[in-house]
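Below are the chains, spelled out letter by letter.
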Amino acid sequence: MNRLRLSLAIAFSVLTADLASAQAQRNLCRFPGIRFFDGTVAVRRILTTPNSVCAFNSHSGGALLGHQVTVPPKLGVFGRANEAQSAYRVGAALGTDYFEYQVRWEWMGRVNSMTIRNYVRIVPPPQTPTRVVSRAF
């Protein structure tokens, strides 16, 4: 009985790990971090898959006052997720997208702003490897 429970527990944990891995692969979103400097323009290149969500943390060293979209994306939606994060939700299409926004923050009593240009490449999700079980007869 204990062997059966152990076998079921192992099978369940392998299945759970496979599902989590497949979920993570479907929600692929890679991009470099950026530094906040007043009056500058930062370029961010994003690699993602269809139907994914990319969340961007905004650590400016001061209070974030908000952001304004100056060029909206065509293949997705960009907006504020919470006080410290913005998010880009990708649609179902493959291809390239572009959006631009200006972020404002306060630091040492002064309002600062910078522009962030986002170049997005939307690629097919990686294929999940198939397990092959062979049995000798």
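Conventions used here
- Residues numbered from 1 in each chain as written.
- Predicted model: local features only at pLDDT ≥ 70, side-chain atom pairs only at ≥ 80, totals over all residues.
- Heavy atoms only, no water.
- Salt bridge = Lys/Arg side-chain N within 4 Å of Asp/Glu carboxyl O.
- Helix = DSSP H or I, 4+ residues; strand = E, 2+ residues; numbered from the N terminus.
- Buried < 20%, exposed > 50% of the residue type's maximum accessible area, 1.4 Å probe, protein only.
- Pairing = 2+ DSSP bridges.

Undergrad: How would you explain the pattern of salt bridges if you had to name every residue and give the values?
TA: Tallying each qualifying case throughout the model produces two salt bridges. The salt bridge partner of D38 is R110, with a shortest N-O separation of 2.9 Å. Residue D38 is located in the loop between strand 1 (29–30) and strand 2 (41–48), and its partner R110 is located in strand 8 (residues 110–122); the two are separated by 72 residues in the primary sequence. Here D38 falls in the partly exposed class, since its relative accessible area comes to 34%. Residue R110 is classed as partly exposed on the basis of its relative accessible area, which comes to 48%. We note a salt bridge from E100 to R117, for which the minimum N-O separation is 3.4 Å. In this pair, E100 sits in strand 7 (residues 95–107) while R117 sits in strand 8, placing the two residues 17 residues apart along the sequence.

Undergrad: So what's going on with the sheet that holds strand 4 (residues 63–71)? Residues and values would help.
TA: One open sheet accounts for five strands, arranged 1-2-8-7-4; its pairing is mixed. Looking at strand neighbours, the two that pair on one side only are strand 1 and strand 4, the edges of this open sheet. Of the pairings in the sheet, the one linking strand 7 to strand 8 comprises 13 bridges and is antiparallel in character. Paired with E100 across the strands is R117, a residue of strand 8.

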